[in-house]
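Structural overview
Here is what each chain is made of, one letter per residue.
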4 protein chains.
Amino acid sequence: MAAPEFLDIAKRVNNWGRWGSDDEIGTLNLVTDEVVRAAAATVRTGRRVALAVPLSQQGIQTGLIPGRVNPLHSMIAVNWEMFGPGTVATSDDVVTMGLQAGTHWDALTHISRAGFVYNGRPADTITPHRGAAVSGIEKIPYLISRGVLLDVAKAHGVDRLPADHAVVPADLEAAEELAGIEVRAGDIVLVRTGQMQLFLAGNRDGYGMPTPGLSVRCPEWFHARNVAAVATDTLTFEIFPPEIEGMWLAVHALHLVEMGMLQGQNWNLEPLAIACAEESRYEFLLSAMPEPFVGATGTPVAPVAVF
Amino acid sequence: MAAPEFLDIAKRVNNWGRWGSDDEIGTLNLVTDEVVRAAAATVRTGRRVALAVPLSQQGIQTGLIPGRVNPLHSMIAVNWEMFGPGTVATSDDVVTMGLQAGTHWDALTHISRAGFVYNGRPADTITPHRGAAVSGIEKIPYLISRGVLLDVAKAHGVDRLPADHAVVPADLEAAEELAGIEVRAGDIVLVRTGQMQLFLAGNRDGYGMPTPGLSVRCPEWFHARNVAAVATDTLTFEIFPPEIEGMWLAVHALHLVEMGMLQGQNWNLEPLAIACAEESRYEFLLSAMPEPFVGATGTPVAPVAVF
Amino acid sequence: MAAPEFLDIAKRVNNWGRWGSDDEIGTLNLVTDEVVRAAAATVRTGRRVALAVPLSQQGIQTGLIPGRVNPLHSMIAVNWEMFGPGTVATSDDVVTMGLQAGTHWDALTHISRAGFVYNGRPADTITPHRGAAVSGIEKIPYLISRGVLLDVAKAHGVDRLPADHAVVPADLEAAEELAGIEVRAGDIVLVRTGQMQLFLAGNRDGYGMPTPGLSVRCPEWFHARNVAAVATDTLTFEIFPPEIEGMWLAVHALHLVEMGMLQGQNWNLEPLAIACAEESRYEFLLSAMPEPFVGATGTPVAPVAVF
Amino acid sequence: MAAPEFLDIAKRVNNWGRWGSDDEIGTLNLVTDEVVRAAAATVRTGRRVALAVPLSQQGIQTGLIPGRVNPLHSMIAVNWEMFGPGTVATSDDVVTMGLQAGTHWDALTHISRAGFVYNGRPADTITPHRGAAVSGIEKIPYLISRGVLLDVAKAHGVDRLPADHAVVPADLEAAEELAGIEVRAGDIVLVRTGQMQLFLAGNRDGYGMPTPGLSVRCPEWFHARNVAAVATDTLTFEIFPPEIEGMWLAVHALHLVEMGMLQGQNWNLEPLAIACAEESRYEFLLSAMPEPFVGATGTPVAPVAVF
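Calculation rules
- Residues numbered from 1 in each chain as written.
- Chains lettered and ligands numbered in written order.
- Predicted model: local features only at pLDDT ≥ 70, side-chain atom pairs only at ≥ 80, totals over all residues.
- Heavy atoms only, no water.
- Helix = DSSP H or I, 4+ residues; strand = E, 2+ residues; numbered from the N terminus.
- Rg over C-alpha atoms; globule rule 2.2 N^0.38 Å.
- Buried < 20%, exposed > 50% of the residue type's maximum accessible area, 1.4 Å probe, protein only.
- Least-squares fit on C-alpha atoms with pLDDT ≥ 70 in both.
- Contact = heavy atoms within 4.5 Å.
- Arc of directions from axis to C-beta.
- Buried area = accessible area lost by both parts, 1.4 Å probe.
- Salt bridge = Lys/Arg side-chain N within 4 Å of Asp/Glu carboxyl O.
- Polar contact = N/O pair within 3.5 Å; in protein donor to acceptor, adjacent residues only side chain to side chain.
- Pairing = 2+ DSSP bridges.
- Nonpolar A, V, L, I, M, F, W, Y, C, P; charged D, E, K, R; others polar.
- Axes fitted to C-alpha atoms, helices over the stretch in contact; angles between N-to-C directions.
- Core = buried A, V, L, I, M, F, W, Y, C linked by side-chain atoms within 4.5 Å.

Labelled according to an unreviewed UniProt entry, chain A appears under the name Cyclase family protein, originating from Nocardia acididurans.

Right, dumping it as structure tokens:
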């Protein structure tokens, strides 16, 4: 794929202006009340699965991405009898962390290209002193919809895709067929590669990169189906190193900048894959609310799937 | 109320051992699959309401609680062409914050009394170097259930309760009657005082204290109904200064230590009250997932109600 | 003073290129071995005076400067028997703080004007992802020289200058005369206004602004004397609000950008003033080493004067 | 050495009560005005050498000591035209760091043994909510004295001591002889092993441990000479793993708890060794001021030696 081809795709998937020039949330506009109602209607057993990895110094980050530090949790009070000896005692804590250190959403403003962020706004609307003035993560009011697991690893008959596997539309469709459902407008699509198994097994370096991930061919597929958001079980979301030399973070640019579609990374899809197989059902209600950090370009998230 | 009376209540609401000696999550055991299924069935319109206040330096904390700092958000990259000139650019950020600075859940270990935390464990299971070894917030796997708004302010015909109003069981029942529903096992009960209006109007000092809040008479009421968790729109949860001199954080101690019931504070219930009135419905699906900070005694939360 | 006049001053005090095009430390080049030798020779009694204010949440910042947070100190271990029960126990701590929150040095890169920082380098050599690539504070190898206290308040016969007092060269010269010494090349000049008394008395709001401070007329005076660095006992260094409407941080710009001269703020000069009076001596050895934060535009400093 | 022998040493070096029951600074009492005067008199050339390692994410910590994080520096403003377009622009930054992450002083309260800290105070004077109520690092008013380099590596004719080399008094005396000076009361003694070369060469893991360092035989030697403070070029100060199995941090306990003597770690003594050799002089004025973090059990320090 040459740069012109990238630009062609960018043009085809572009959503700038689609929801008005003031829009700051992109494809989340596709999650209508009706979509949410239908999502809630998928709940049949009440079984729940949590998708976040624990937040601690033993988290996912290894120093590869400068400054994106694992959560440092420290206590500011431990059994402190604040009101005097013999009174009830309080414990309290603080944390310092990279907002994208663990299981997280990229905000639309996580990426700019050629000086622009989503909806044609200048990239310099992001500044160090106030963060993202537009499309900061706090602008996402809620994020709950139908979730669909596309278990690409399972569709390939493996536990974990090899590191050089670029997930292409045919993979997504094979996973759809395995799931027996069709991705539709407003869905949050979770693409499982199995890469998270490395992290869970304690292999942080192996987990990071090289890694399987989405191909630059996928954004058009999501665009055609009017997907609301996509998350994966990898650090980089897209295949890394990139499938085409020098085509850095092309999927990021297409999703975040052109489509205005949130991306999730480091989601633990292993227990979800088990649950889906056991329930024989790959759709569920998915709640994955961003924490409303003002001006932030990402946020930790603790998603929960309900069957 | 004398200390002996407090101890009598403590005895009556105590849940230690109720779910086994290994239990770390308390009343959340009451949120069964069946409860969640029924909660999802309350969704009729798909309307959503978010309940978290924005996370920023202009947050709720005023320095009253030492070390509980408002979120400090800073950028570690702004439109950084990480892979060389002309490549896509990334923005990334970090945060330092008190885990209980904004809209949050207290973990069960936020409070100890007489050397014990929930389920009869010694308080010194909480240490500065690893936080809460048991009943840290990461032990709460998921938190989604039926939510019920008890709009006590509205039941009293006011926008906001006066600062010296201790919410008693009769208030809760008046709000139930207004709502036309009954609180039942596994519910997450949201008690509205209207105090959040002060914060939303920019009056941070007024918001903090004195403040209306729950009376020490309420825990038995929640216990009798097998409530799973309770949240309010105030800083201190319970009336503050306390209704009985020297009875510091008595409700905290009863809920967290004796009952093992999570508490939420600083929830923005104003838009929820409007939605409930408009929908003529005070029950909804409520998702309020804790972020899994390992060993933490609290967590920010971004709750969402779905009608 | 009109803008052209400012530009005239800027031209007269400009040191760009004076120590070569590669220079990153500006007037600190004036602190030669000989200067330091002479500074050490001023020591006669061995009396020492420390000039930093304590670092804590009760520090100088009040929220006026967004993000410049007071130090948040928290423990990551308290008497932790790391090697097993009965072994020696360790206590350890972390801090989050604005580098310019307390007693500090501005790095030369703290200010840019018209797109440039000191020595004619483009301002965009400062980036969020690596800070100041040139003239970061870590480039200052050492900062120890002769210190001179110019006690302007005392020279005016007051404890504390009024808030609208712009310290002009005549004030500096009156203080020199009071001190009985002449400022010379390589000196670190400490200008006392007495404003720190407000902070020490617990009046943080009063301390901040309005505040007396240096006039835009001073930089030429320091330039003529080849001063190495200047510090004061105020938050803003220069008079604030500025003496000429709209002339924001003019002294900062002249010192940091044009001259390449470090500035210190929030220095506690009260005990020093007492010592100088008692010793009848306004010169001393001054050690005020920056902490070598890589890429930083400021640093906490714990200065010590030795008589 | 058996535990009784350790207790015998502890008894012999114990300084509790030596400077009164209220004392919080221990052997720093030995740095009298006279000592400082003499220290200043050692300055002959004005040559300066800085001893701190740079503070950044690429710092010394590797995760070995939980929570002791390398400095995370981030910008809260970059060339921000705070007062409107065209005005001077400011850059500002914040940091989160372990206070003992880089070149640092241990406060006396960094270690407790058998429930006590220096001067017989109970260890529980250190609490998570306020840190060290006594002997916090802010109690050290100033730290400037004569410095003496004991270049043990050089005295052994090597660049760097092997990892299993426990520095014993005979080593210190050989280095004294090499230096041609005698350690005396009030000195700050810097013991060079050469271990820092590993860190400087980029080998962070090798630098940490195993490491050469002080033997448990040294404290008596320092005690006899009335040394004021000791610093080294290693992570652990004392040999690690310890020379006697199970004798964890014995030197720490003797210095900090029994003697009340500050310890410095991670000091870069390489350039100092070169300077001493070139100057043929192993004494110098040493300024090593702690940052006054209230209640802290350690502090970053940027020491400077002046010849």
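1. Here's the deal with the overall build of chain A
Regarding its fold elements, chain A presents 9 helices and 18 strands. Computed over its C-alpha atoms, the radius of gyration of chain A comes to 20 Å, within 12% of the 19 Å expected for a compact globule of 307 residues. Its C-alpha atoms give chain A principal-axis dimensions of roughly 70 × 50 × 40 Å. Expressed as a percentage of the 307 residues in chain A, the buried residues total 66%.

2. Some thoughts on the relation of the copies chain A and chain B
The two copies are related by a screw motion: chain A maps onto chain B through a turn of 180° and a shift of 0.0 Å along the axis, at an RMSD of 0.0 Å. Such a combination of rotation and displacement between the chain copies is what one expects of a two-fold axis. Closest approach to the rotation axis among the C-alpha atoms of chain A is made by Thr96 of chain A, whose C-alpha sits 2.1 Å away. Mapped onto chain B, 100% of the interface residues of chain A again fall at the interface, so both copies present the same surface.

3. Looking at helix α7 (residues 218-225) of chain B
All names here are of chain B. Taken as a whole, α7 has its buried residues at Cys218, Pro219, Trp221 and Phe222. The buried residues of α7 occupy an angular sector of 160° when projected down its axis, which confines them to one face. Phi turns positive, to about 60°, at Asn226, one or two residues after α7.

4. Quick word on the side chain of Thr127 of chain C
You can see Thr127 of chain C is positioned in strand β8 (residues 126-127). Discounting residues that sit within four places of it in the chain, Thr127 of chain C has contacts with Met75 and Val78 of chain D.

5. Structural notes on the interface of chain B and chain C
Taken residue by residue, the interface counts 12 residues in chain B and 12 residues in chain C. Counting each side, the surface lost to burial between chain B and chain C is near 1000 Å², with a carbon and sulfur contribution of 69%. For the chain B face of the interface with chain C, the top three residues by lost area are Leu72, Pro128 and His129 of chain B, together amounting to 44%. Between chain B and chain C we count 0 salt bridges in total. The interface formed by chain B and chain C includes 4 residue pairs in polar contact (both at pLDDT 80 or more). The greatest single-element share of the side of chain B that touches chain C, amounting to 6 residues, is contributed by strand β2 (residues 72-80) of chain B.

6. So, the pairing of strand β16 (residues 283-287) of chain A
All names here are of chain A. Burial analysis of β16 places 5 of its 5 residues in the buried class, the great majority of the element. Neither face of β16 is exposed, since Glu283, Leu285 and Ser287 on one face and Phe284 and Leu286 on the opposite face are all buried. The sheet contact formed by strand β10 (residues 144-151) and β16 spans 5 bridges and is antiparallel. Paired with Val148 across the two strands is Glu283, which belongs to β16. Here 3 bridges tie β16 to strand β18 (residues 304-306), and the two strands are oriented antiparallel to one another. Across the sheet, residue Ser287 finds its bridge partner in β18, namely Val304.

7. What to know about the interface of chain A and chain B
The partner chain B presents 83 residues to the 83 residues of chain A that form the contact. Interface of chain A and chain B: buried area, both sides summed, is about 6500 Å²; carbon and sulfur atoms make up 64% of it. Linking chain A with chain B are 4 salt bridges, by the criterion used here. Its salt-bridge partner being Arg68 of chain B, residue Asp92 of chain A comes within 2.8 Å of it at the nearest N-O pair. Sort the elements by how many residues they give to the side of chain A that touches chain B and strand β3 (residues 89-98) of chain A lands first, with 10 residues. A class-by-class count of the residues in the side of chain A that touches chain B yields 50 nonpolar, 22 polar and 11 charged.

8. Observations regarding the pairing of strand β10 (residues 144-151) of chain B
Residues and elements named next belong to chain B. Where burial is concerned, most of β10 is hidden: 8 out of the 8 residues are buried. The sheet contact formed by β10 and strand β12 (residues 188-192) spans 5 bridges and is parallel. Its bridge partner lying in β12, Val148 is registered against Val189.

9. Topic: the relation of the copies chain B and chain C
The transform that puts chain B on chain C rotates by 180° and translates by 0.0 Å along the axis, for an RMSD of 0.0 Å. With an isologous cut-off of 70% or more, the 100% of interface residues of chain B that recur at the interface of chain C puts this contact in the isologous class.

10. Concerning the sheet that holds strand β12 (residues 188-192) of chain C
Residue and element names in this part refer to chain C. Read across the sheet, 9 strands follow the order β1-β18-β16-β10-β12-β14-β15-β4-β17 without closing on themselves; strand pairing throughout is mixed. The sheet is open, and its two borders are formed by β1 (48-50) and β17 (298-300), each paired with just one other strand. Across this sheet, the average inter-strand angle for adjacent strands is 25°, counted without regard to direction. Where β12 lies against strand β14 (residues 229-232), 4 bridges are found, and the strand directions are parallel. Following the sheet pairing, Ile188 is matched in β14 by Ala229. Running at roughly 105° to strand β10 (residues 144-151), helix α4 (residues 169-179) makes contact with β10 and β12 of the sheet.

11. Examining the nonpolar core
General note: in soluble globular proteins, nonpolar side chains tend to be found buried as a group. Among the nonpolar cores identified, the biggest contains 176 residues, and Leu190, Phe222 and Leu272 of chain A together with Leu190, Phe222 and Leu272 of chain B are the most heavily contacted of them. Once residues lying within four places of it in the same chain are set aside, the contact partners of Phe222 of chain B are Leu172, Val189, Val191, Leu214, Val227, Val230, His255, Met259 and Met261 of chain B. Ranked by size, the runner-up nonpolar core spans 175 residues in total, among them Phe222, Val227 and Val304 of chain C together with Met289 of chain D.

12. So, the sheet that holds strand β1 (residues 48-50) of chain D
All names here are of chain D. Taking strand neighbours across the sheet as the criterion, the 9 strands line up as β1-β18-β16-β10-β12-β14-β15-β4-β17 in an open arrangement whose pairing is mixed. Edge positions in the sheet fall to β1 and β17 (298-300), since each of these pairs with one other strand and no more. Geometrically, the sheet is characterised by an average inter-axis angle of 25° between neighbouring strands, direction not taken into account. The pairing of β1 with strand β18 (residues 304-306) spans 3 bridges and is classified as antiparallel. The residue bridging Val49 from the neighbouring strand is Ala305, located in β18.

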